[in-house]
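# Structural characterization, general
So the chains spell out like this:
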Amino acid sequence: MTSTETPWRDESLLQKLYWEQHLSTNEIADEWDCDQATVWKWMDRFDIPRRSAYEAATNRRLHPAVFTDRGYVICASNHRGTTDSVGIHRLVMVAEHGFDAVAGKHVHHRNGIRFDNRPRNLELLSRGEHAQRHGFGTDIRPPSEELAYSNQERDDQGRFKLLC
């Protein structure tokens, strides 16, 4: 058999596909029209280490901190297809004041810059106090662009449905 008929016997090619091109063992097996077990066997023979479950996860964020479309910086975690996130401003206040002090409170950016998460720019407020700071009386209301969509239908997860 030639090396083109048995590409899994080429250590450098296997290393390149798995580690440099970040293909999974399933993807390599599909490309070579062989079983995944064959890829595993030859990786073991060549002592090519496998990625951890975290490294192999295709749906993980490459960076845990991202900007939202509203200007906040959030830290997101994706585990088994479920994404949870928290604003960095809330994490800063938990670090400064403890979880119990922050629970049930709003974190207000004094200078109005949502990505400025320095402790001196943040303050803890009740919902009503926060609404008053933003001129909403005693109730927080969504931004005007969200009000325009409030009559649209939502799916079972609360997201707006696309209207054609």
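Predicted model only: the values in this text are computed from it and were never measured.

### Remarks on unusual backbone geometry
- The phi angle at His22 is positive, at roughly 60°, despite the residue not being glycine.
- Tracing the backbone through its elements, the reader meets His22 in the loop between α1 (11-20) and α2 (25-32).
- The exposure class assigned to His22 is exposed, which follows from its relative accessible area of 55%.

### A short note on the environment of Val73
- With respect to the helices, strands and loops of the structure, Val73 is situated in strand β2 (residues 73-79).
- Its relative accessible area of 14% is what places Val73 among the buried residues.
- Through-space distance from the C-alpha of Val73 to that of Val86 is 8.7 Å; in sequence the pair is 13 residues apart.
- Once residues within four sequence positions are removed from consideration, Val73 is found in contact with Ala65, Val66, Phe67, Gly87, Ile88, Arg114, Phe115 and Asn117.

### Describing the packing of α1 against α2
- Close contact between α1 and α2 brings their axes to 9 Å; oriented N to C, the two are set at 130°. When the interaxial angle is binned, α1 and α2 end up oblique. Remark: the crossing between α1 and α2 carries right-handed chirality. For the pair α1 and α2, the contacting residues are Leu13, Leu14, Leu17 and Tyr18 in the first and Thr25, Ile28, Glu31 and Trp32 in the second.
- For the contact of α1 with α2, a count of residues per class yields 6 nonpolar, 1 polar and 1 charged.

### Here we look at the nonpolar core
- Counting 14 residues, the largest nonpolar core has Leu14, Ile28, Trp32, Cys34, Val39 and Met43 as the members making the most contacts within it.
- The set of elements that each furnish at least two residues to this core consists of α1, α2 and α3 (36-45).
- If sequence neighbours within four positions are ignored, Met43 has contacts with Leu14, Tyr18, Thr25, Ile48, Pro49 and Arg50.
- Membership of the second largest hydrophobic core comes to 5 residues, among which are Val92, Val102, Val107 and Leu122.

### Overview of the pattern of salt bridges
- Under the counting rule described, the total for this entry stands at 4 salt bridges.
- When the shortest N-O distance is used, the salt bridge between Asp44 and Arg50 registers 3.4 Å.
- A relative accessible area of 38% means that Arg50 is categorised as partly exposed.
- Asp116 is the partner of Arg118 in a salt bridge, and the nearest nitrogen-oxygen pair spans 2.6 Å.
- With relative accessibility at 39%, the residue Arg118 sits in the partly exposed group.
- Taken together, the salt bridges that share partners define one network made up of Arg110, Glu123 and Arg133.

### A closer look at the packing of aromatic side chains
- Inspection of the entire model under this criterion finds 2 aromatic pairs.
- Consider the rings of Tyr18 and Trp19, whose centres lie 5.3 Å apart with planes at 85°: the pair is edge-to-face.
- Geometrically, the ring pair formed by Trp42 and Phe46 is tilted, given 5.6 Å between the ring centres and 45° between the ring planes. The residues Trp42 and Phe46 share a single accessibility class, namely buried.

### Considerations on the side chain of Asp116
- Within the secondary structure layout, Asp116 lies in the loop between β4 (106-109) and β5 (122-125).
- Using a relative accessible area of 11% as the deciding quantity, one classes Asp116 as buried.
- Polar side-chain contacts of Asp116 include one of 2.6 Å to the side chain of Arg118.

Thresholds, definitions, all that
- Residues numbered from 1 in each chain as written.
- Predicted model: local features only at pLDDT ≥ 70, side-chain atom pairs only at ≥ 80, totals over all residues.
- Heavy atoms only, no water.
- Helix = DSSP H or I, 4+ residues; strand = E, 2+ residues; numbered from the N terminus.
- Buried < 20%, exposed > 50% of the residue type's maximum accessible area, 1.4 Å probe, protein only.
- Contact = heavy atoms within 4.5 Å.
- Axes fitted to C-alpha atoms, helices over the stretch in contact; angles between N-to-C directions.
- Parallel < 35°, antiparallel > 145°, perpendicular 65-115°, else oblique.
- Left-handed = near helix turned anticlockwise from the far one by under 90°.
- Nonpolar A, V, L, I, M, F, W, Y, C, P; charged D, E, K, R; others polar.
- Core = buried A, V, L, I, M, F, W, Y, C linked by side-chain atoms within 4.5 Å.
- Salt bridge = Lys/Arg side-chain N within 4 Å of Asp/Glu carboxyl O.
- Phe/Tyr/Trp six-rings, centres within 6.5 Å; stacked < 30°, edge-to-face > 60°.
- Polar contact = N/O pair within 3.5 Å; in protein donor to acceptor, adjacent residues only side chain to side chain.

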